[in-house]
Amino acid sequence: RLLAVDARLRQATGGDEDAMMGSTVVALLAWHRLVAFVWAGDSRAYRLRAGRLRQLTRDHSEVEELIARGELTREAAEAHPSANVITRAIGALDGTETIEVGMSDLRPGDRYLLCSDGLYRVVSDEELAEHLTTFAPDEMCRRLIDLALARNCSDNVT
C-alpha cells in the first residue's frame with residue numbers, strides 16, 4: 001500500500017521535482033511472536049525491553065549518511081546545516097530507493113513507540129523510556145506530545 005501511495009503522490013505532481021509532495025512514515029505490525037516495521041525518512045520506531053530503549057530504525061537523512069561514513073559524530077549531527085534533510089520519503093522514492101523493512105522478535109512486556117522527529121528532537125531517550133515505563137499508551141502519547149509542544153518543537157509532532 002505504501003508503494004501505491006508513493007506512486008500516486010509522484011503522479012499527482014506530474015514528475016515536477018519542485019512540486020514534490022512527500023512524507024516520512026513508520027508503521028509496525030505485531031503478529032504472534034514477531035514484529036515487522038517499515039519506514040522511510042526520519043520517523044522512528046523504538047522498543048523498550050527490560051528497561052532498555054532501543055531505536056529499531058535508522059534515519060534516511062543526510063546527517064545519518066555522514067555519520068555512517070565516519071564524517072560526522074552523532075553529537076555534532078543536531079547542529080549540522082543538513083540536520084533536517086531527509087533522503088527518502090513516501091512520494092519521493094525514485095525507483096532505486098524503497099521503503100525499508102525490519103523484523104524483530106516480540107516478547108511479553110515489550111513496549112513500542114512510533115514517532116516523528118518533532119518528538120525525539122526535543123525529548124531525550126531517557127525521557128522516552130521513562131514515559132514508556134510509567135504510563136499506559138494513551139496517557140503516554142498525550143504526555144509526550146504535550147512535553148514536545150511545551151518545548152516549542154520546530155517540526156510536527158506525532
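Here we summarise the structure given alongside this text. What you see is a predicted model; the values in this text were computed from it and never measured. (Residues numbered from 1 in each chain as written. Predicted model: local features only at pLDDT ≥ 70, side-chain atom pairs only at ≥ 80, totals over all residues. Heavy atoms only, no water.)

### Quick notes on the pattern of salt bridges
And step 1. Scanning the model with the defined rule gives 14 salt bridges in all.
And step 2. The closest approach of N and O atoms between Asp110 and Arg49, which form a salt bridge, is 2.8 Å. Highlighted residues: Asp110 in the loop between β5 (100-105) and β6 (111-115) and Arg49 in strand β3 (residues 44-49), separated in sequence by 61 residues. The two residues Asp110 and Arg49 agree in class, both being buried. (Salt bridge = Lys/Arg side-chain N within 4 Å of Asp/Glu carboxyl O. Helix = DSSP H or I, 4+ residues; strand = E, 2+ residues; numbered from the N terminus. Buried < 20%, exposed > 50% of the residue type's maximum accessible area, 1.4 Å probe, protein only.)

### Structural notes on the packing of aromatic side chains
And step 1. What the rule picks out here adds up to one aromatic pair.
And step 2. We note Arg44 situated over the ring of Tyr120; from NZ or CZ to the ring centre the distance is 3.5 Å. (Phe/Tyr/Trp six-rings, centres within 6.5 Å; stacked < 30°, edge-to-face > 60°. Lys NZ or Arg CZ within 6 Å of the ring centre and 35° of its normal.)

### Some points on the packing of helix α5 (residues 125-134) against helix α6 (residues 137-150)
And step 1. The contact between α5 and α6 brings their axes to 9 Å, and the two run at 155°. In terms of axis orientation, α5 runs roughly antiparallel to α6. Between α5 and α6 lies a crossing of right-handed hand. On α6, the residues touching Glu127, Leu128, His131 and Leu132 of α5 are Met140, Arg143, Leu144 and Leu147.
And step 2. Looking at the contact of α5 with α6, its residues break down into five nonpolar, one polar and two charged. (Axes fitted to C-alpha atoms, helices over the stretch in contact; angles between N-to-C directions. Parallel < 35°, antiparallel > 145°, perpendicular 65-115°, else oblique. Left-handed = near helix turned anticlockwise from the far one by under 90°. Contact = heavy atoms within 4.5 Å. Nonpolar A, V, L, I, M, F, W, Y, C, P; charged D, E, K, R; others polar.)

### A look at α6
And step 1. When the terminal C-alpha atoms of α6 are compared, their 20 Å separation across 14 residues agrees well with the 20 Å that a helix rising 1.5 Å per residue should span.
And step 2. Restricting attention to buried positions, one finds in α6 the residues Met140, Leu144 and Ala148. Within α6, the buried residues cover an arc of 60° as seen down the axis, which keeps them to one side. Of the exposed residues in α6, those oriented more than 90 degrees away from the buried face are Asp138 and Ala150. (Expected span 1.5 Å × (residues − 1). Arc of directions from axis to C-beta.)

### Describing the environment of Gly102
And step 1. Mapped onto the fold, Gly102 is located in strand β5.
And step 2. Judged by its relative accessible area of 11%, Gly102 falls in the buried class.
And step 3. C-alpha of Gly102 to C-alpha of Ala36: the two residues are 66 residues apart in sequence and 5.7 Å apart in space.
And step 4. Excluding residues that lie within four positions of it along the chain, Gly102 makes contacts with Val35, Ala36, Phe37 and Trp39.

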